[in-house]
Amino acid sequence: MFGRAALGIVLLGPAVGCSGPSGVEGDIPDRETFIAVYVDLRLAAMDDLAQEIQPTARDSILEAYRVTADDLVAFADSHGRDIPFMSDLWAEIEELITEALDLDGEDEDSIGGGP
């Protein structure tokens, strides 16, 4: 259980281009926004062969959700000590990423008129 939360926090830095707590006060996204942004950031990173999100893609995703990297870090700082909350959050993120990747695979399998 703790492993998922720790993994998520470790992945958060590279995904948003930050390395840790910012100490910046500002808007803290709600749970659903954080999940949506994080999933989109991770999927964008997975589209890259190096498994790193490009700064322009990152900035575009953050802008689309009207959040900043500091907002995402503030969310993690705010909820990071709530292990059950964070564990559920990372499980949902993992599930959504897996579903998105499975849907991409299904699209590729159906090309060419196959079942």
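Values in this document were obtained by computation on a predicted structure and should not be read as measured data. (Residues numbered from 1 in each chain as written. Predicted model: local features only at pLDDT ≥ 70, side-chain atom pairs only at ≥ 80, totals over all residues. Heavy atoms only, no water.)

Novice: Any chance you could explain the overall build of the protein chain here in plain terms?
Specialist: Across its full length, the protein chain holds five helices and zero strands. The secondary structure elements of the protein chain, listed N-terminal to C-terminal, are α-α-α-α-α. Evaluated residue by residue, the protein chain yields a buried proportion of 32% over its 115 residues. Considering only intrachain contacts with a sequence separation of at least 6, the fraction spanning at least 24 residues in the protein chain is 78%. Looking at the protein chain as shown, the accessible area adds up to about 7200 Å², and 53% of this sits on carbon and sulfur atoms. (Helix = DSSP H or I, 4+ residues; strand = E, 2+ residues; numbered from the N terminus. Buried < 20%, exposed > 50% of the residue type's maximum accessible area, 1.4 Å probe, protein only. Contact = heavy atoms within 4.5 Å. Areas by Shrake-Rupley, 256 points an atom, 1.4 Å probe, with all protein chains shown as cover.)

Novice: What is the right way to look at unusual backbone geometry in this model?
Specialist: Glycine aside, residues mostly have negative phi, and peptide bonds are mostly found in the trans state. With a phi angle near 55 degrees, Arg66 is a residue other than glycine that sits in the positive phi range. Among the structural elements, Arg66 can be located in the loop between helix H3 (55-65) and helix H4 (69-79).

Novice: Would you explain the packing of aromatic side chains in this entry?
Specialist: Geometrically, a pair of aromatic rings is defined through the distance of the ring centres and the angle of the planes. Applying the stated rule across the entire model yields five aromatic pairs. On the numbers, 4.2 Å between centres and 15 degrees between planes, the contact of Phe34 with Phe75 is stacked. Within this pair, whereas Phe34 is found in helix H2 (residues 31-46), its partner Phe75 is found in helix H4, the two being separated by 41 residues in sequence. Residues Phe34 and Trp90 carry aromatic rings whose centres are separated by 5.9 Å and whose planes lie at 75 degrees to one another, so their mutual orientation is edge-to-face. In this pair, Phe34 is assigned in helix H2 and Trp90 in helix H5 (residues 83-110), connecting sequence segments 56 residues apart. Here Phe34 and Trp90 have matching classes, each one buried. The structure contains a cluster of three or more aromatic residues connected by ring pairs, namely Phe34, Tyr38, Phe75, Phe85 and Trp90. (Phe/Tyr/Trp six-rings, centres within 6.5 Å; stacked < 30°, edge-to-face > 60°.)

Novice: Help me out: how do you make sense of the environment of Asp40 in this one?
Specialist: Residue position: Asp40 is located in helix H2. Sequence-wise, Asp40 and Ala100 are 60 residues apart; in three dimensions their C-alpha atoms are separated by 9.9 Å. Not counting the four nearest positions on each side in its chain, Asp40 is found in contact with Ile61 and Tyr65.

Novice: Sorry if this is basic, but what is going on with the packing of H2 against H3 here?
Specialist: Helix-helix packing is characterised by the crossing angle of the two axes and by the distance between the axes. One way to put it is that H2 packs onto H3 with a least axis distance of 10 Å and a crossing angle of 160 degrees. For the element pair H2 / H3, the angle class is roughly antiparallel. Note that H2 runs across H3; the crossing there is right-handed. Here H2 contributes Ala36, Val37, Asp40, Leu41 and Ala44 to the contact with H3, which in turn contributes Arg58, Ile61, Leu62 and Tyr65. (Axes fitted to C-alpha atoms, helices over the stretch in contact; angles between N-to-C directions. Parallel < 35°, antiparallel > 145°, perpendicular 65-115°, else oblique. Left-handed = near helix turned anticlockwise from the far one by under 90°.)

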